[in-house]
Amino acid sequence: MLQFLATSTPFFAVIGLGALSAWRGLFGSDAVRVLNTYAFMVATPAMVLRVMSRQPIAELWNGVFFAALALLGIVGMGLGILVARRFFGMPFPNAVSRGQSLVGGNFAFLGIPLMLAFLGDGAAAPIAIGLICDTALVVPLAIGLIEAGRGKGSPWRIAARLVRGTIVNPFMLSIMGGVALSLSGLSIPEPIDRFLVFLGGSAAPVGIFALGVAAWQWSREGRLPLKGVLPLVLGKLVLHPLLTWFVLAIVLRLDPFWVKAGVLYATLPIAANVFVISERFETDSRPLAAAIVISTTAAALTFPIAIWLVSG
């Protein structure tokens, strides 16, 4: 628990700083959109490109582990979309954002340092696979489905929008570039690498800062709803880890190291990029903002319990 609290403290500090800045009137109503556009279009692709290029993917690959996480991500997102559509009557793009929140964990900000702390020297392999699963599957698929769900048209047009939204976006392009560099063995020249460090390092703080600004603005306007937030929090912190443990440990009977890594990946709270994407594509980001803050707070209890149970 102490390890999680130490790792997540900057998350809450940046949210608080954003809320304080909004309270002091330093940011106008359009600030959230500007900050999110920067985080989505500029800073995050720079971070992803650099991180992926530095992972020895060919040496660390575990195909069964990746396939299991990928399948769980697709199924979890699909179930979330189905529930949001059928029981809450949400438009399809809004339902996609809810589905993403059930499987999209705060991997870059919390997952990597926690994996290093709990898994030791062997953490490089699950970190590489977790990055690919999170950034190359969950995020691009969510973007593609949102794009495909906009408007009407023939099945071919919808399929084309899905492919275009999934592949031709900053996340996926930076992933493909990073994977190509990793497999080729080429390294990024030092001046460019320093620039990417400088630029990519701002991705998480800017996105979380925007979350704090938005939360304060919405709470002032009485528009930060809590209805529908609890299912998202429980789905991410309880259902996703349980399903992951069941598939990895009971169905596939993987080595305990990989079971622990998979559960650690699944137990992470909802990622800030869920809010960034939802805000950018206007899929009602207010409940998601509340769910992110609440799930991160609750994970201070659920994360240590899950790791303790798996380790035991």
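What counts, and where the lines are drawn
Residues numbered from 1 in each chain as written. Predicted model: local features only at pLDDT ≥ 70, side-chain atom pairs only at ≥ 80, totals over all residues. Heavy atoms only, no water. Helix = DSSP H or I, 4+ residues; strand = E, 2+ residues; numbered from the N terminus. Expected span 1.5 Å × (residues − 1). Bend = angle between axes of the 7 residues up to and from the residue. Buried < 20%, exposed > 50% of the residue type's maximum accessible area, 1.4 Å probe, protein only. Contact = heavy atoms within 4.5 Å. Core = buried A, V, L, I, M, F, W, Y, C linked by side-chain atoms within 4.5 Å.

J.: Which parts of the structure should I look at to understand helix H12 (residues 229-251)?
T.: For an α-helix, the turn length of 3.6 residues means that residues three or four places apart are oriented alike. Over its 23 residues, H12 runs 31 Å from end to end, which matches the ideal 33 Å to within 8%, given 1.5 Å per residue. If you look at H12, its biggest bend is around 40 degrees, right at Gly235. Val229, Leu232, Val233, Gly235, Lys236, Leu237, His240, Pro241, Thr244, Leu248 and Ala249 are the residues of H12 that are buried. Turning to H12, the residues buried within the fold contact helix H4 (63-88), helix H5 (92-103), helix H13 (256-267) and helix H15 (286-311).

J.: I would appreciate a short explanation of the nonpolar core in the present structure.
T.: In summary, soluble globular proteins display a tendency toward joint burial of nonpolar side chains. One finds Met77, Met115 and Phe275 to be the most contacted residues of the largest nonpolar core, which totals 89 residues. When residues of this core are assigned to their parent elements, the largest contribution, 16 residues, is made by helix H7 (residues 124-148). Residue contacts for Met77: discarding those within four places in its chain leaves Gly99, Gln100, Val103, Val138, Leu141, Ala142 and Leu145.

J.: Would you explain the environment of Ala214 in this entry?
T.: Within the secondary structure, Ala214 is located in helix H11 (residues 203-220). Ala214 gets classed as buried once you look at its relative accessible area, which sits at 0%. Separated by 199 residues in the primary sequence, Ala214 and Ile15 place their C-alpha atoms 9.6 Å from one another. For Ala214, the residues in contact, after removing those within four places along its chain, are Val32 and Phe275.

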